[in-house]
Amino acid sequence: MERRYDIDWLRVIAIILVLYFHVAMIFTAEWDFHIKNPETSNLWLEFNFWLSRFRMPLLFFISGAGSFFALRKRSGKQFVYERAIRLLIPLIFSMFIIVPPQLYFERLMDADFTGSFGAFYLTKVLQFMPYPEGNFSWHHMWFVLYLFWYSVLAAPLFLFLRSKKGSQLMEKLAFMEKGSWIYLIALPTVLIYMSWTIRFDRTNDLIHDFGWFPYWMSFFVMGYFVALREGFWDSLARNARTSLGWAILLIVVINMVRWNRWEPWVIYGKEWTSHGWAILYRSLYPMLGWAWLLAALGYGRKYLNRPHPILTYANRGIYPFYILHQTVLIILGYYVIQVEESILAKYLFVITITFFLCIAIYEYLIRPFALMRFLFGVKSVKLPKKKVVPAEKAQLQIA
C-alpha cells in the first residue's frame, strides 16, 4: 500500500487547529480555561464550539489509521512497546517539565500563589497532589495518555482484523464501499454517546472519565477499521460533498436550537434527559462530529494525498509542537491579557508568537539532540546536512 500523505497532512492540520482552539479559549465566553482575558467574546465561543465538534475526533481517527500502518511491520508486542516509548516517555517528561509552568501561571491568575516558579515547583508540584485540588497534572497531554491506552486495549482487535478470519470478516463488510453505506461507521459512536456518554461529565483524568473514554475510543477504532480497505477511503472521497452538506446542515440546526434557547435542559430543567426531544437533539452532536470528520477525510483523500518538502519537516516536528504549544500560549497569554488591546489583536499576537516560538524550540533545542528527541517522542534518524529529505521518507508521528 502506498504512503498516505493525506493522513499526514490532516494530522498536521488537526494539531494546528488545536493551537487555534486553545488560544481562543483565553477569550471564549462561558467556557473555563487556565487563564482568561478580562473581556470575553461570544463569537470566539461559536468558533470553538464548531472546532470542538471534530478536532479531537479527527486526531483520534487519524491515530487509529496510523496504528494500521504501524502494525504492518510490527508484532503486537512491538506495537505496544513502541507506543509506550513514544507516548509514555513524553507524557512523564511533560508532567514534570512542560505542564508545571501552566499550573504556575494559572495559580498566579487565580491569586492562589504569589511566589516564584521555583518555590511553586518545590512546594506545590512535588507534593504530587492531583489537579485541580493539587498541582500535579497532565493537562493537554491527556490526549497522549488516552492514545496509549487505546493502543493497548485495541491491539487484540487490530491483530484479529489483520488475521485470516479478520480478513474474511472484512470481505463481508465490503458492501460498505458502495453507495453511502460508509456512513455506518458513525453508528457505534452515536449509540455510545446516546446510551452512555451523556450521563457523565468530561474530566480528561482517565480514572473518572467513564463516559468520554469509550466515546473517543470509537473514533480511534474506526480509524483503523477504515484503513483496512482502500475501498473505504474511495467511498469517503466519493461522498465528500454529501458529508460536507450534512455537516453544514447539522451545524445550522444545532445553532438554531442553541441561539433560541430551545435546548432540552433549558425547556425541561433537571429532568431533561427523560424527554424524546433530548434524545433527538443530543444525537445530533456525534452526528455533527462525524459529518465534519468524514468531509475532511474525503476532501483530504482527493486533494492532499501528495508529498511536499514542508510535510517532511512538519511530520517530525508536529508531535513536539503539540507538547509545547499550550505551555507557550499560557505563558504568553498571561502577560498579553493584562494589556489594553482588542481581543482580536491579543489573539493574533498570542497565536503568531506561539506558532513560531514552538517551531524555534523544536528546531534549536529538540531536533539537534538525541536525548531531547527521545523525550519529545521524535524518532531518531540521521539529520540531513544540505538537502531536504524527500517527503516519501517522512514517518507518521502521533499514531
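Use the structure listed above.
For clarity, every value in this text was computed on a predicted model and none was experimentally measured. (Residues numbered from 1 in each chain as written. Predicted model: local features only at pLDDT ≥ 70, side-chain atom pairs only at ≥ 80, totals over all residues. Heavy atoms only, no water.)

Visitor: Explain the overall build of the chain to me, using residue names and the numbers behind them.
Guide: Each helix and strand in the chain was counted, giving 17 helices and 0 strands. For the chain, the C-alpha atoms occupy an extent of roughly 65 × 65 × 35 Å along the three principal directions. Taken across its 399 residues, the chain has 54% of its residues classed as buried. Look at the contacts in the chain between residues 6 or more apart in sequence, and 75% of them connect residues 24 or more apart. When the accessible surface of the chain is summed, it comes to about 18,900 Å², and 66% of that surface belongs to carbon and sulfur atoms. Averaging the locations of the 41 positively and 25 negatively charged side chains of the chain gives two centres separated by 13 Å. (Helix = DSSP H or I, 4+ residues; strand = E, 2+ residues; numbered from the N terminus. Buried < 20%, exposed > 50% of the residue type's maximum accessible area, 1.4 Å probe, protein only. Contact = heavy atoms within 4.5 Å. Areas by Shrake-Rupley, 256 points an atom, 1.4 Å probe, with all protein chains shown as cover. Lys, Arg positive; Asp, Glu negative; His and termini not counted. Charge placed at Lys NZ, Arg CZ, Asp CG, Glu CD.)

Visitor: Quick rundown of the packing of helix α3 (residues 55-71) against helix α7 (residues 142-161)? Include the residues and the values.
Guide: At a minimum axis separation of 11 Å, α3 and α7 run at an interaxial angle of 45°. In this view, α3 runs oblique relative to α7, as classed from their interaxial angle. Pair α3 / α7 crosses with right-handed handedness. Contacts between α3 and α7 involve M56, L59, F60, S63, S67 and L71 from the former and W142, F143, Y146, L147, Y150, F158 and L159 from the latter. (Axes fitted to C-alpha atoms, helices over the stretch in contact; angles between N-to-C directions. Parallel < 35°, antiparallel > 145°, perpendicular 65-115°, else oblique. Left-handed = near helix turned anticlockwise from the far one by under 90°.)

Visitor: Go over the packing of aromatic side chains, please, and point to the residues and values.
Guide: Aromatic ring pairs are described here by two measures, namely the spacing of the ring centres and the angle between the planes. In the structure shown here, the tally under the stated rule is 58 aromatic pairs. On the numbers, 5.7 Å between centres and 35° between planes, the contact of F158 with F220 is tilted. Of this pair, F158 sits in helix α7 while F220 sits in helix α10 (residues 212-227), placing them 62 residues apart in sequence. Considered together, F158 and F220 belong to a single accessibility category, that of buried residues. Over the aromatic face of F49 sits the side chain of R258, whose NZ or CZ is 3.8 Å from the ring centroid. (Phe/Tyr/Trp six-rings, centres within 6.5 Å; stacked < 30°, edge-to-face > 60°. Lys NZ or Arg CZ within 6 Å of the ring centre and 35° of its normal.)

Visitor: Got a sec to walk through helix α15 (residues 309-336)? Specific residues and values, please.
Guide: Across its 28 residues, α15 extends only 34 Å between first and last C-alpha, which sits more than 12% below the 40 Å expected from 1.5 Å per residue. In terms of residue burial, α15 counts as a mostly covered element, since 23 of its 28 residues are buried. (Expected span 1.5 Å × (residues − 1).)

Visitor: So what's going on with helix α5 (residues 100-109)? Residues and values would help.
Guide: The buried count for α5 comes to 9 of 10 residues, which makes it a mostly enclosed element. For α5, the set of buried residues is P100, P101, Q102, L103, Y104, F105, E106, R107 and L108. Elements that come into contact with the buried residues of α5 comprise α4 (76-98), α6 (117-123) and α15.

Visitor: Pulling in residues and values, what's your account of the pattern of salt bridges?
Guide: Applying the stated criterion across every chain, the model contains 14 salt bridges. Of the charged contacts in the structure, one is a salt bridge between R3 and D8, with a shortest N-O distance of 2.9 Å. The partner of E82 in a salt bridge is R83, and the shortest N-O contact between them spans 2.5 Å. Exposure remark for R83: the relative accessible area of 3% places this residue in the buried category. Members of the salt-bridge network, linked through shared partners, are R4, D6, E230, D234 and R301. (Salt bridge = Lys/Arg side-chain N within 4 Å of Asp/Glu carboxyl O.)

Visitor: So, a nonpolar patch on the surface: which residues are in play, and what are the values?
Guide: Together, F175, W181, L184, L187 and L191 make up a nonpolar patch on the protein surface, roughly 480 Å² of accessible area in all. Following the sequence through the fold, L187 ends up in helix α9 (residues 187-195). Take L187: its relative accessible area is 44%, and that puts it in the partly exposed class. (Patch = residues over 30% accessible without salt bridge, like charges linked within 9 Å, V, L, I, M, F, W, Y side chains within 5 Å.)

Visitor: Lay out the nonpolar core with the relevant residues and their values.
Guide: Counting 127 residues, the largest nonpolar core has F60 and W216 as the members making the most contacts within it. No other element matches α15, which puts 14 residues into this core. (Core = buried A, V, L, I, M, F, W, Y, C linked by side-chain atoms within 4.5 Å.)

Visitor: How would you summarise the environment of Q338 if you had to cite specific residues and measurements?
Guide: Relative to the assigned elements, Q338 resides in the loop between α15 and α16 (343-366). Owing to a relative accessible area of 52%, Q338 belongs among the exposed residues under this scheme. When the C-alpha positions of Q338 and P38 are compared, they lie 8.3 Å apart, and in sequence the two are 300 residues distant. A polar contact is formed between the side chain of Q338 and the backbone oxygen of Y334, at a distance of 2.9 Å. (Polar contact = N/O pair within 3.5 Å; in protein donor to acceptor, adjacent residues only side chain to side chain.)

Visitor: So, the environment of M170: which residues are in play, and what are the values?
Guide: Counting through the fold element by element, M170 comes out in helix α8 (residues 164-172). The exposure class assigned to M170 is buried, which follows from its relative accessible area of 4%. Through-space distance from the C-alpha of M170 to that of F225 is 8.9 Å; in sequence the pair is 55 residues apart. Apart from the residues within four sequence positions on either side, M170 is in contact with L161, F225, L228, R229 and F232.

Visitor: Break down unusual backbone geometry for me, citing the residues and quoting the values.
Guide: Here the bond from Y131 into P132 is cis, since omega is 10°, no more than 30 degrees from zero. Mapped onto the elements, P132 comes out in the loop between α6 and α7. Here F128, not a glycine, exhibits a phi torsion of approximately 60°, which is positive. Relative to the helices and strands, F128 is located in the loop between α6 and α7.

Visitor: Describe the packing of helix α1 (residues 5-25) against helix α2 (residues 42-52), naming the residues involved and giving the relevant values.
Guide: The N-to-C vectors of α1 and α2 enclose an angle of 145°; their axes lie 10 Å apart at closest approach. In this structure, the crossing between α1 and α2 has a hand that is left-handed. In contact with L17, Y20, F21, A24 and M25 of α1, α2 contributes W44, F47, N48, L51 and S52.

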